[in-house]
Structure formats: structure tokens, C-alpha cells
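Spelled out from the first residue to the last, the chains are:
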Amino acid sequence: MSSEYAKQLGAKLRAIRTQQGLSLHGVEEKSQGRWKAVVVGSYERGDRAVTVQRLAELADFYGVPVQELLPGTTPGGAAEPPPKLVLDLERLAHVPPEKAGPLQRYAATIQSQRGDYNGKVLSIRQDDLRTLAVIYDQSPSVLTEQLISWGVLDADARRAVSHDES
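Position numbers for residues count from 1 along each chain, tracking the sequence in the order it is written. For a predicted model such as this one, the threshold for reporting local features is a pLDDT of at least 70, and the threshold for listing and counting side-chain atom pairs is 80 or more; totals across whole chains, interfaces and linings nevertheless cover every residue. Excluded from the side-chain calculation are hydrogens and water; included are all heavy atoms of the structure.

Caption draft 1: Quick look at the pattern of salt bridges. Only one rule defines a salt bridge in this text: a Lys or Arg side-chain nitrogen within 4 Å of an Asp or Glu carboxyl oxygen. Within this structure, the stated rule accounts for 8 salt bridges. In this structure, the salt-bridge partner of Glu57 is Arg54, at a minimum N-O distance of 3.3 Å. With Glu57 and Arg54 both in helix 4 (residues 52-62) and 3 residues apart, this pair spans about one turn of that helix. Using a 1.4 Å probe on the protein chains alone, a residue whose accessible area is under 20% of its type maximum counts as buried, one over 50% counts as exposed, and one in between counts as partly exposed. Overall, the relative accessible area of 26% leaves Arg54 in the partly exposed class. A salt bridge links Arg130 to Asp127, with the shortest nitrogen-to-oxygen separation between them at 2.0 Å. Strands here mean DSSP runs of E at least two residues long; helices mean DSSP runs of H or I at least four residues long; both are numbered from the N terminus.

Caption draft 2: Focus on the nonpolar core. The criterion is simple. A nonpolar core is a set of buried Ala, Val, Leu, Ile, Met, Phe, Trp, Tyr and Cys residues joined through side-chain atoms within 4.5 Å. Among the nonpolar cores identified, the biggest contains 24 residues, and Leu87, Leu103 and Trp150 are the most heavily contacted of them. Contributing elements (two or more residues each) for this core: strand 1 (85-88), helix 5 (89-92), helix 6 (97-114), strand 2 (121-124), helix 7 (126-135), helix 8 (140-150) and helix 9 (157-165). For this analysis, residues touch if any pair of their heavy atoms sits within 4.5 Å. Not counting chain neighbours up to four residues away, the residues in contact with Trp150 comprise Arg91, Val95, Lys99, Ala100, Leu103 and Tyr136. If you look at the next biggest cluster of nonpolar residues, it comprises 17 residues, including Leu13, Leu22, Val27 and Val39.

Caption draft 3: View of the environment of Ala11. Counting through the fold element by element, Ala11 comes out in helix 1 (residues 3-19). Look at Ala11 and you get partly exposed, because its relative accessible area is 39%. Between the C-alpha atoms of Ala11 and Tyr43, which are 32 residues apart in sequence, the distance is 9.1 Å.

Okay, structure coming up:
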């Protein structure tokens with residue numbers, strides 16, 4: 001791997017980590033020691049080569065597709081990231097169950113898997129929205145509009161969906 005490629009890969013790794021609000025030590029803590037801060041830092045600086053297997057595992061840990069970590073896969077490399085998809089769980093609780101039942105169950109499952117029970121908001125991924133769109137038998141953009149109308153998603157979510165569909 002060329003040193004320039006390694007540096008670009010490292011910059012992508014750092015960008016994903018910081019977008020998630022994690023420090024290097026935060027990665028080590030969140031992964032329960034599986035990802036050592038010094039190792040992730042050396043990947044980010046381009047000082048250490050990362051195997052395809054480890055890169056795939058790190059992408060999985062961050063919850064992003066591997067191609068998001070590879071240099072040259074997004075235009076310009078420094079494009080503004082799409083807004084996060086954040087469900088307002090307090091507003092969701094006020095949507096009638098016959099409308100929001102599947103979303104409420106899906107959100108509860110994610111909370112259980114993450115051990116995240118703050119009950120106010122829940123970040124979801126693009127893949128979660130696509131899965132929910134299948135459950136609701138709608139396109140992601142139509143479902144996004146519905147969730148915005150319920151007050152469950154912020155209107156900025158439209159940009160995340162249009163970014164994903166482009």
C-alpha cells in the first residue's frame with residue numbers, strides 16, 4: 001500500500017470516528033479493548049498497514065460500509081457528510097400505534113441491542129431507514145416524509161435520504 005493511499009485511508013478512518021463523536025480511547029472503551037487506541041491511531045496516521053479483514057471489521061464496528069473507508073470513493077473526499085437520522089422517541093410515543101407500531105418495535109430492538117435507553121432520541125443508519133421502508137412498503141424518501149410529518153424525524157433527514165439515493 002502506498003504511503004499516500006495509507007494516509008488517505010487513515011483520513012477516512014479518522015473522519016468516520018470523529019463523526020461518531022469518539023476519541024481514540026473512546027474506540028478502545030466502546031470496543032471493550034478489541035480496538036486498541038494506539039493501533040487505530042497508527043491506521044489513521046498511515047503509519048501502519050491495515051489488512052482487508054481488519055478494515056472490514058473496523059467498518060462493521062463503526063457501522064459503515066467498507067467502501068466508505070476507501071479513498072477515492074466519494075467525490076472530493078471532503079464532501080459534507082449527510083445529516084444524521086435521529087428519531088425523536090418522545091414524539092414517536094405520541095404517534096398512534098396502528099401507524100407507528102413497526103417503527104416503535106424496530107426502535108426498541110435497536111435500543112436493546114445498544115443498551116441505550118435514554119428514551120429521548122435514537123440515531124439510526126441509512127440501512128435502518130431502508131429496512132423500515134420495506135416494512136412500511138414505501139420508498140425511503142416517502143417514508144422519510146411520513147416520519148417528518150409525524151414529527152419523529154427532523155426535516156434535515158431529507159438531505160440524508162437524497163444523498164443516499166444519489
